[in-house]
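Given next are the chains, with one letter for each unit.
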Amino acid sequence: MRFGVVAIVVGLGLLGLCQLAGPARLVAAEGAPNLAPGDPQRGKYVLELGQCAGCHGQNLAGWRAGGPPEQPESAPFGELFAGPFGTAPARNITPDRETGVGSWTDEQLIEAIRNGREPKGSQLFPIMPYLTFHFMSDQDVSDLVAFLRTVPPVGNRVPERNLTGPLPPLPPLPPSPAQAPTSGLDRGGYLANAVVGCGDCHTPLSTSGAPDRSRQLAGWFVPRAEGRFEIAPNITPDPTTGIGRWSSEDIIHLLKTGERPFGLPPVKGLMKLVIEEPPLGGLNQLTDSDAQAITAYLRSIPPISNVAQPPGPPAPPPQAQPSPFAAPSPAPAVQPAQVPRALPRTGSALELAGLVGALGVTLAAGGVAIHRRRRRD
């Protein structure tokens, strides 16, 4: 999920309110038809589900450099991502013309959201989940941009990224969808995979650094600050290690409140942020129909027996045990980094093996991507 990370997670965040011009007709990418005018109110909903403020800050002004070590991480500003790839600060995406995206056209904003391409042609670092948002529908991305135009401009000049190696060119991508499904399993799959980005945290990575689609949503670990990890549990319908024993009502209740069934404690850490992302909210803003659609989708995917573990020395064969979502458990497990297997997530089906090599990240030794959060758990 592109959440406060999770976005990796990730994400093009937006928010706020300020009266700029009303929704103008959006300019589509070259060769594509013009997009319909965006609705800022619907765009606010897309923002909430994408937890975009988790990376760019509550004011969407990006990371703030300078001051005491903790100062840049304090709300309402955004985050700095650092690791063996170098450093990548969250950008200012408010309409400030000097330090934000106020001088960008609608076409340029859509190109950045969907394809990770800046107006001058440079490629955004893939901690920004454009390979997830590439599959966002025309109307949803139009609405998102329309909402971005209503955000109060904030003057904050974010320093340039400093990478240890070049980014590889993106391979050709399929066309983005014109329309989003409106109901049922298709709607749930669209929201989970193209907007919320559940796989950003819950789908394991292969040794190449690519999402392991044979274990879709079977649980993984998420890098946190200071070389620690947080477990993203198995959310497949497996009855022992996943959420197979949960009713549909249980899942919907968790998505909207963070409260788990069977007397289990409420979710903490990243999932709590995904649900409550201030100041606008996150998954707790789901409509009833969309919560039902995501639930139906999660109950339809193949059940996979897997207990997510943080990286470390080889462990003995695991005995059958429930996942942290399926049974009482202590606070999310964290431990010092030992194997650099976590990389910036995109949440897309695109293989990331080439990206791993191009960033010079060795999977056998070296550090792990550090996600510096504004808020401490």
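Cut-off values and rules
- Residues numbered from 1 in each chain as written.
- Predicted model: local features only at pLDDT ≥ 70, side-chain atom pairs only at ≥ 80, totals over all residues.
- Heavy atoms only, no water.
- Helix = DSSP H or I, 4+ residues; strand = E, 2+ residues; numbered from the N terminus.
- Buried < 20%, exposed > 50% of the residue type's maximum accessible area, 1.4 Å probe, protein only.
- Contact = heavy atoms within 4.5 Å.
- Areas by Shrake-Rupley, 256 points an atom, 1.4 Å probe, with all protein chains shown as cover.
- Core = buried A, V, L, I, M, F, W, Y, C linked by side-chain atoms within 4.5 Å.
- Polar contact = N/O pair within 3.5 Å; in protein donor to acceptor, adjacent residues only side chain to side chain.
- Phe/Tyr/Trp six-rings, centres within 6.5 Å; stacked < 30°, edge-to-face > 60°.
- Lys NZ or Arg CZ within 6 Å of the ring centre and 35° of its normal.
- pLDDT = per-residue confidence, 0-100.
- Pairing = 2+ DSSP bridges.

Enquirer: Break down the overall build of the protein chain for me, with residues and values.
Expert: When helices and strands are tallied, the protein chain shows eleven helices and seven strands. Within the protein chain, buried positions represent 54% of all 377 residues. Expressed as a percentage of contacts within the protein chain between residues at least 6 apart in sequence, the contacts between residues at least 24 apart total 74%. As displayed, the protein chain offers around 15,400 Å² of accessible surface, 57% of which is attributable to carbon and sulfur atoms.

Enquirer: Now, about the nonpolar core: what can you tell me, with residues and values included?
Expert: One recurring pattern in soluble globular proteins is that nonpolar side chains are buried together. In this structure, Leu-49, Met-136, Leu-283 and Leu-286 are the most contacted members of the largest nonpolar core, which totals 53 residues. Mapped onto this core, the elements with two or more residues apiece are helix H1 (40-50), helix H3 (106-115), helix H4 (130-133), helix H5 (138-148), helix H6 (184-196), helix H8 (248-257), helix H9 (269-276) and helix H10 (288-300). Broken down by element, this core gets its largest block of residues, six residues, from H6. Apart from the residues lying within four places of it in its own chain, the contact partners of Leu-49 are Leu-191, Val-195, Val-196, Gly-282, Leu-283 and Leu-286. Membership of the second largest hydrophobic core comes to seven residues, among which are Phe-85, Ala-88, Phe-125 and Leu-167.

Enquirer: Go over the side chain of His-56, please, and point to the residues and values.
Expert: Mapped onto the fold, His-56 is located in helix H2 (residues 53-56). By relative accessible area, which is 6% here, His-56 ends up buried. Polar side-chain contacts of His-56 include one of 2.7 Å to the backbone oxygen of Arg-91.

Enquirer: How would you summarise the packing of aromatic side chains if you had to cite specific residues and measurements?
Expert: Inspection of the entire model under this criterion finds three aromatic pairs. Through a chain of ring-to-ring contacts, the aromatic side chains of Trp-220, Phe-221 and Phe-229 assemble into a single cluster. Over the aromatic face of Phe-262 sits the side chain of Arg-245, whose NZ or CZ is 5.8 Å from the ring centroid.

Enquirer: Account for the confidence of the model for the protein chain, with residues named and values stated.
Expert: Summarising the model, the protein chain shows a mean pLDDT of 76, and 71% of its residues fall at 70 or more. Taken element by element, the predicted model of the protein chain shows its lowest mean pLDDT in helix H11 (residues 353-358) (32) and its highest in H10 (98). Counted against residues more than four places away or in other chains, residues 67-73, with its pLDDT under 50, gives 14 contacts. Confidence drops under pLDDT 50 across residues 327-377; counting only partners more than four residues distant or on other chains, this segment forms 176 contacts.

Enquirer: I'd like a rundown of the side chain of Gln-123, residues and numbers included.
Expert: Looking at where Gln-123 falls in the secondary structure, it is placed in the loop between H3 and H4. Looking at Gln-123, the relative accessible area reads 10%, which means it is buried. In terms of polar contacts, Gln-123 uses its side chain to reach the side chain of Tyr-130, at 3.1 Å. Excluding anything up to four places from it in sequence, Gln-123 contacts Gly-116, Arg-117, Tyr-130, Arg-161, Leu-167, Pro-168, Pro-169 and Leu-170.

Enquirer: Describe the pairing of strand S6 (residues 229-232), naming the residues involved and giving the relevant values.
Expert: Burial along S6 is two-sided: Phe-229 and Ile-231 facing one way and Glu-230 and Ala-232 facing the other are all buried. Bridge count between strand S5 (residues 220-223) and S6: four bridges; the pairing is antiparallel. What sits directly across from Val-222, in S6, is Glu-230.

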